[in-house]
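Letter by letter, the chains look like this.
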Amino acid sequence: MTSTRCAVCKYFRRRCPPDCIFAPHFLNHNLQRFTCVHKIYGASNIGKLLQDTPMQLRADAVESLYYEAKCRLRDPVYGCAGIIWSLHQQIQIAQRELAQVQAEIAFLDANVAVEDPTPSSVEPLVQENGVEYGLDIPYDYWFY
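Residues numbered from 1 in each chain as written. Predicted model: local features only at pLDDT ≥ 70, side-chain atom pairs only at ≥ 80, totals over all residues. Heavy atoms only, no water.

> A description of the nonpolar core should follow, citing residues and the corresponding values.
Within soluble globular proteins, side chains that are nonpolar generally end up buried alongside one another. Residues Cys6, Cys20, Phe22, Phe26, Phe34, Val37 and Ile46 are the most contacted members of the largest nonpolar core, which totals 20 residues. Contributions of two or more residues to this core are made by α1 (7-11), α2 (31-41), α3 (43-52) and α4 (58-74). Looking at this core element by element, the count peaks at four residues for α4. (Core = buried A, V, L, I, M, F, W, Y, C linked by side-chain atoms within 4.5 Å. Buried < 20%, exposed > 50% of the residue type's maximum accessible area, 1.4 Å probe, protein only. Helix = DSSP H or I, 4+ residues; strand = E, 2+ residues; numbered from the N terminus.)

Shown next as structure tokens:
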């Protein structure tokens, strides 16, 4: 027997019976949780659902009802489906970006393997007439 009323009995201003099906799931200090679920499903439907649900699954069922009700109040048209769709879109975008980056890395790896190895020592170009133009001297490109 509960010494205080559960959130459902408190909401309806009635005594909480010892075998109240709502008491373990809607505690008296969290009235907002019940009102959210009640706005969407109604207390009678919640009670029927809890009676038809096996005892070990009731807590999960109430959590699911609460989450779905919150989503439905936030987005009356799509509810949870809108959130799921949005997350699915984000996953698809991330997968496309990952595939693009992986393809770019593979392309760059292939190009590095095909390129000629760079000479180990850099010698300036000298023309046949002995004039040095310095075309192969490495430059600092910090100004670009």
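> Give me the lowdown on the packing of aromatic side chains, citing residues and values where you can.
Summed over the entire model, instances satisfying the criterion amount to five aromatic pairs. Between Phe12 and Phe34, the aromatic rings sit 6.1 Å apart at their centres with planes inclined by 70 degrees, giving edge-to-face as the arrangement. With a gap of 22 residues between them, Phe12 in the loop between α1 and α2 and Phe34 in helix α2 connect regions that are remote in the sequence. Relative to Phe26, the ring of Phe22 lies with its centre 6.3 Å away and its plane at 50 degrees, an arrangement referred to as tilted. The two residues Phe22 and Phe26 agree in class, both being buried. Counting every residue linked through ring pairs, the aromatic cluster contains Tyr11, Phe12, Phe22, Phe26 and Phe34. Across the ring face of Tyr66, the terminal group of Arg33 is positioned such that the distance to the ring centre comes to 4.9 Å. (Phe/Tyr/Trp six-rings, centres within 6.5 Å; stacked < 30°, edge-to-face > 60°. Lys NZ or Arg CZ within 6 Å of the ring centre and 35° of its normal.)

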